[in-house]
Amino acid sequence: MLKLFVILPLLFVIGCGAQMHNLPVGAGRMQASASVGGPLVNAYGAVIPIPYAMAGATYGITDRLDAHADLHVLAAAFKFLGITPGLTYFPQLPTNRWVPSVTADVLFFSDFTAARAYPEISAAIAHPIGARWVPYAGLHNTFQLSHHPLYISSLYAGTSYRMGRFNLYGELQWLALNRDNHFTPVDYHGINEHGAISPQFGLTIELGGMK
């Protein structure tokens, strides 16, 4: 239990990979994903990124509803189980115009003796440009109902580039923008001493349909 509470604040802040659920994958289709990136920290007189890797998969329940789950690879290196299962709903399908989406998921960590779960909600909007580019932006909220603050907000913006079955992602996040850096154990490089700036890079690959 002690180990979980010592390492959890670090994983909690950096455990947000690239936001790659911006367009529906399609009913009955699957997509695999991977991302790497993390918050910038001030250390030894330099600004250094913390690498945080995630891998996951998405399945299209319908044309408007996707189910997905991500494994926190870095957490596994600390002998933690870190997973984020969730659902994304698209009120409007892609037709070369703005595509809104709403995601609900659960950030779950366990050291196999104790576990903590945090509900999350995010809203995003994407705009396909031609057949390749999809810029997007969104707001992500993680709720910790028994701690202060009651929620942690993050802003993100990026774009994807399509290459056949692959999509390449580049993204910039402002993590935990409502948290004062004076009260964190790590010297994060944020804005106005709040949160942390986090560059992210991601990749998805379409796996085809499933019956």
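Here the residue numbers are simple positions, counted from 1 along each chain's written sequence. Reporting in this predicted model follows two pLDDT cut-offs: at least 70 for local features of residues, and 80 or more for side-chain atom pairs to be given and counted; totals over whole chains, interfaces and linings ignore these cut-offs and use all residues. Remark: hydrogens and water are excluded; side-chain values derive from all non-hydrogen atoms of the structure.

**Q** Looking at this structure, how should I read the overall build of the protein?
**A** Helix and strand labels come from DSSP, where a helix needs a run of H or I of at least four residues and a strand needs a run of E of at least two; each type is numbered from the N terminus. Scanning the protein for helices and strands turns up 2 helices and 12 strands. Seen in sequence order, the protein has helices and strands lined up from the N terminus as α-β-β-β-β-β-α-β-β-β-β-β-β-β. For every residue, the accessible area obtained with a 1.4 Å probe (protein chains only) is divided by the maximum for its type, and the residue is called buried under 20%, exposed over 50%, and partly exposed between those limits. A burial count over the protein gives 44% of its 211 residues as buried. Here, two residues are considered to be in contact whenever any of their heavy atoms come within 4.5 Å of each other. Summarising the internal contacts of the protein: among those between residues at least 6 apart in sequence, 53% fall at separations of at least 24. Shrake-Rupley sampling with a 1.4 Å probe provides the accessible areas, and residues are treated as covered by the protein chains on show and by no other component. Accessible area for the protein stands at about 10600 Å²; split by element, carbon and sulfur atoms hold 69% of it.

**Q** How should I be thinking about the confidence of the model for the protein in this particular structure?
**A** For any part of a model where pLDDT is low, the fine detail of the predicted coordinates should not be relied upon. Predicted confidence across the protein gives a mean pLDDT of 85, with 87% of residues reaching 70 or more. As a per-residue quantity, pLDDT reports the predictor's confidence and falls between 0 and 100. Confidence drops under a pLDDT of 50 for residues 1-8, and excluding neighbours within four residues, the segment shows 18 contacts in the predicted structure.

**Q** Is there a simple way to explain unusual backbone geometry in this structure?
**A** Both trends apply: most residues other than glycine have a negative phi, and most peptide bonds are in trans. Phi angles above zero are rare outside glycine, and F112 is one such case at about 75 degrees. Considering the arrangement of structural elements, one finds F112 in the loop between β7 (99-110) and β8 (115-126). F112 sits in the exposed class, given a relative accessible area of 61%. Phi is positive for A176, which is not a glycine, with a value near 50 degrees. One can find A176 in strand β11 (residues 166-180). For A176, a relative accessible area of 5% translates into the label buried.

**Q** In this structure, what is going on with the pairing of strand β6 (residues 81-89)? I would like to understand it.
**A** Taken residue by residue, a regular strand's side chains alternate between the two faces of the sheet. Judged by which residues are buried, β6 turns out to be one-sided: G82, T84, G86 and T88 face inward and are buried, whereas L81, I83, P85, L87 and Y89, on the alternate face, are not. For strand β5 (residues 65-72) and β6, the ladder comprises 7 bridges, and the chain directions are antiparallel. Paired with L71 across the bridge in β6 is I83. Of the pairings in the sheet, the one linking β6 to β7 comprises 7 bridges and is antiparallel in character. Along β7, the bridge assignment pairs G82 with F109. Pairing between strands is defined by DSSP: at least two bridges between the two strands are required.

**Q** I would appreciate a short explanation of the pattern of salt bridges in the present structure.
**A** Pairing between side chains becomes possible if they bear opposite charge and their charged atoms approach one another. We define a salt bridge as a side-chain nitrogen of Lys or Arg found within 4 Å of a carboxyl oxygen belonging to Asp or Glu. Tallying each qualifying case throughout the model produces 1 salt bridge. When the shortest N-O distance is used, the salt bridge between R162 and E206 registers 2.9 Å. In this pair, R162 is assigned in strand β10 (residues 151-163) and E206 in strand β12 (residues 194-209), connecting sequence segments 44 residues apart. Residue R162 is classed as partly exposed on the basis of its relative accessible area of 28%.

**Q** I'm lost on the side chain of D66 in this one. Help?
**A** The residue D66 is located in strand β5 in this model. Despite its burial, D66 pairs with no opposite charge; the closest candidate is R29, at 9.8 Å N-O. Residues adjacent in sequence count toward polar contacts only when both atoms are side-chain atoms; beyond that, a polar contact is any pair of N or O atoms within 3.5 Å, and within protein one must be able to donate a hydrogen and the other to accept it. Polar contacts involving the side chain of D66 include one to the main-chain amide nitrogen of V25, which spans 3.2 Å. Those residues in contact with D66 that sit more than four places away from it in its chain are L23, P24, V25, G26, T58, Y59, G60, I61, G86, L87, T88 and F90. Note that His is not counted, nor are the chain ends; the positive residues are Lys and Arg, and the negative ones are Asp and Glu.

**Q** Help me out: how do you make sense of the pairing of β11 in this one?
**A** The pairing of β10 with β11 spans 9 bridges and is classified as antiparallel. From the neighbouring strand, A157 faces β11, where its bridge partner is L172. Connecting β10 to the antiparallel partner β11 that follows it, the hairpin turn spans 2 residues, and G164 within it adopts a positive phi of roughly 65 degrees.

**Q** Could you clarify how one ought to interpret the packing of aromatic side chains in this entry?
**A** To describe a pair of aromatic rings, you give the distance between the ring centres and the angle between the ring planes. Only the six-membered ring of Trp is used, alongside the rings of Phe and Tyr, when aromatic pairs are assigned; centres must lie within 6.5 Å, and planes under 30 degrees apart are stacked while those over 60 apart are edge-to-face, with the rest tilted. This model, assessed by the stated rule, comprises 4 aromatic pairs. Pairing W133 with Y161 gives two aromatic rings, centres 4.7 Å apart and planes at 55 degrees, and the pair type is tilted. Placement of the pair is W133 in strand β9 (residues 133-143) and Y161 in strand β10, with a sequence separation of 28 residues. The exposure class assigned to W133 is partly exposed, which follows from its relative accessible area of 42%. Here Y161 falls in the partly exposed class, since its relative accessible area comes to 24%. Consider the rings of F143 and Y151, whose centres lie 6.4 Å apart with planes at 50 degrees: the pair is tilted. Given a relative accessible area of 41%, Y151 falls into the partly exposed group. Linked through ring pairs, Y136, Y156 and Y169 together constitute an aromatic cluster.

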